[in-house]
Amino acid sequence: MAYVKSSVVSLKSHPVLNEKWLQALIAADPTILGLGDLTVKEVERRQPRAGRLDLLLSDPEAHTRYEVELQLGATDEAHIIRTIEYWDIEKSRYPQYEHVAVLVAEDITSRFLNVISLFNKAIPLIAIQIQALQVGEALTLSAVKVLDVTSLGTDEEDEPGQPTDRAYWEQKGSKQSVAVADGLIGIVNEVIPGHELKFNKHYIGLVRGGIVDNFVAIRPRKEHVIAEFRIPRSEELSARIDESGLDLLAFDTRLGCYRFRLSMADLTKQRPILLDLISIASGVPLQTEPSQC
């Protein structure tokens, strides 16, 4: 295979490849940003007294929306403030979803990266540096996350005073889906005994001996749960999962999770592969019963 050297193309100074071009490209293929298999909820979404949001992306299964603001060239104060403002507006209008602010620019300088990092401690904020690269006669885009969400998917996302108990999830999901969570924790305890469900605001996690141990997270829906296993993606494991018949959702590249839609029937039907996934995610080998002589 021949090596072809690439060169950076400045979109800010390009006569044709402008912000609208970049916006349309991402709208046609949101995976460019490296945030997973997201859907486009709206382009140029009008904000009350605050202009238009470049892109609103959605992960329906994870109940998460991404407020994306684009800027050619280097980011600046106005870009940061606008990104956070649009995130806050959407979060206030649709509190039933998780919301993540996404700032995209060709150049995120160290000065502004420090500022963004401060906001990131209180706001779920992702900063992506995107560059256009000329490779021979072709043009491609390279998107690199220079700052990722620090709190999403951990206990830090719980807010004081919010209901975070079994009754809360039975109402938000259903008694049926919380029962699936009970069944899944039962399988977890076959691998590592002593785990209990921990009811957080945005997901149900695991706790063992009073210590959080979230190698599996559960998000109940009305008729099923979304189960997330913290396992790095591999071709071999993905092939095994495909063969098993598990209802596999898009891999969460942000959190590094395999995600599945599970029903009560799956706990019995898919028990062998679930045991394997729990073992891999926890790092605890499955115990094999000694053979009978």
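These numbers were taken from a predicted model, which means no experiment stands behind them.

Rules of the game
- Residues numbered from 1 in each chain as written.
- Predicted model: local features only at pLDDT ≥ 70, side-chain atom pairs only at ≥ 80, totals over all residues.
- Heavy atoms only, no water.
- Buried < 20%, exposed > 50% of the residue type's maximum accessible area, 1.4 Å probe, protein only.
- Helix = DSSP H or I, 4+ residues; strand = E, 2+ residues; numbered from the N terminus.
- Pairing = 2+ DSSP bridges.
- Right-handed = clockwise from strand over helix to strand, strands pointing away.
- Phe/Tyr/Trp six-rings, centres within 6.5 Å; stacked < 30°, edge-to-face > 60°.
- Salt bridge = Lys/Arg side-chain N within 4 Å of Asp/Glu carboxyl O.
- Axes fitted to C-alpha atoms, helices over the stretch in contact; angles between N-to-C directions.
- Parallel < 35°, antiparallel > 145°, perpendicular 65-115°, else oblique.
- Left-handed = near helix turned anticlockwise from the far one by under 90°.
- Contact = heavy atoms within 4.5 Å.
- Expected span 1.5 Å × (residues − 1).
- Polar contact = N/O pair within 3.5 Å; in protein donor to acceptor, adjacent residues only side chain to side chain.
- Core = buried A, V, L, I, M, F, W, Y, C linked by side-chain atoms within 4.5 Å.
- pLDDT = per-residue confidence, 0-100.

Concerning the pairing of strand β5 (residues 98-107)
For a regular strand, side-chain orientation follows a simple rule: the groups alternate between the two sheet faces. With 9 of its 10 residues buried, β5 lies for the most part within the structure. As paired strands, strand β4 (residues 64-74) and β5 are joined by 9 bridges and run parallel to one another. Note that in β5 the partner of Glu67 across the bridge is Ala101. Each parallel crossover has a hand, and the one from β4 via helix α2 (residues 77-93) to β5 is right-handed.

Things to note about the packing of aromatic side chains
Tallied over the full model, the rule gives 4 aromatic pairs. Pairing Tyr168 with Trp169 gives two aromatic rings, centres 5.6 Å apart and planes at 80°, and the pair type is edge-to-face. Note on Tyr168: relative accessible area 17%, which makes it buried. A centroid spacing of 6.5 Å and a plane angle of 10° characterise the contact between Tyr258 and Phe260, whose relative ring orientation is stacked. Taken as a pair, Tyr258 and Phe260 share a single burial class, namely buried.

Focus: the pattern of salt bridges
Where charged atoms from two side chains of opposite charge come close, those side chains can pair. Under the criterion given, the structure shown has 13 salt bridges. With its nearest N and O atoms 2.6 Å apart, the salt bridge here joins Arg45 to Glu42. With a shortest N-O distance of 3.6 Å, Arg93 and Glu90 are connected by a salt bridge. In this pair, Arg93 and Glu90 are both assigned in helix α2, 3 residues apart and thus about one turn of the helix distant. The exposure class of Arg93 is partly exposed, given its relative accessible area of 38%. Using a relative accessible area of 0% as the deciding quantity, one classes Glu90 as buried. Taken together, the salt bridges that share partners define one network made up of Glu42, Arg45, Glu90 and Arg93.

Describing the packing of helix α6 (residues 235-244) against helix α8 (residues 271-282)
For the pair α6 and α8, interaxial distance at closest approach is 11 Å and the crossing angle is 155°. The pairing of α6 with α8 is recorded here as roughly antiparallel in orientation. Seen from above, α6 lies across α8 with left-handed handedness. Facing α6, whose interface residues are Leu237, Arg240, Ile241 and Ser244, α8 presents Ile273, Asp276, Leu277 and Ile280.

Comments concerning α8
Its 12 residues give α8 an end-to-end C-alpha distance of 16 Å, which sits within 8% of 16 Å, the value for a rise of 1.5 Å per residue. Contacts made by the buried residues of α8 are with α5 (175-191), β12 (225-229), α6, β14 (258-262) and α7 (264-269).

Re the side chain of Glu228
Inspection of the secondary structure puts Glu228 in strand β12. In this structure the side chain of Glu228 is engaged in a polar contact, spanning 2.7 Å, whose partner is the side chain of Arg219. Residue contacts for Glu228: discarding those within four places in its chain leaves Phe215, Val216, Ala217, Arg219, Cys257, Tyr258 and Arg259.

Some thoughts on the environment of Leu103
If you trace the backbone, Leu103 turns up in strand β5. In sequence terms Leu103 and Glu170 are 67 residues apart; their C-alpha atoms lie 35 Å from each other. When residues no more than four places from it in sequence are discounted, the contact partners of Leu103 are Glu69, Thr75, His79, Ile80, Thr83, Ile108, Ile116, Ile126, Ala127 and Ile128.

Considerations on the nonpolar core
Among the nonpolar cores identified, the biggest contains 36 residues, and Phe229 and Leu277 are the most heavily contacted of them. Not counting residues within four places of it along the chain, the set of residues in contact with Phe229 comprises Phe215, Val216, Gly256, Cys257, Tyr258, Phe260, Leu274, Leu277 and Ile278. By size, the runner-up hydrophobic cluster in this structure holds 22 residues, among which are Leu17, Val100, Ile130 and Leu141.

As for the confidence of the model for the protein
Averaged over every residue, the pLDDT of the protein is 85; the share at 70 or more is 92%. Low confidence marks residues 150-161, where pLDDT is under 50. Its contacts with residues over four positions away, or in another chain, come to 24 contacts.

Looking at unusual backbone geometry
The backbone phi angle of Glu44 is positive, close to 55°, even though this residue is not glycine. For Glu44, the position within the fold is in strand β2 (residues 39-46). Looking at Glu44, the relative accessible area reads 22%, which means it is partly exposed.

Brief notes about the environment of Pro30
For Pro30, the position within the fold is in the loop between α1 (19-28) and β2. When its relative accessible area of 8% is taken as the criterion, Pro30 is described as buried. Note: C-alpha distance between Pro30 and Leu57 (27 residues apart in sequence) is 7.9 Å. In contact with Pro30, not counting residues within four places along its chain, are Leu38, Val40 and Leu57.

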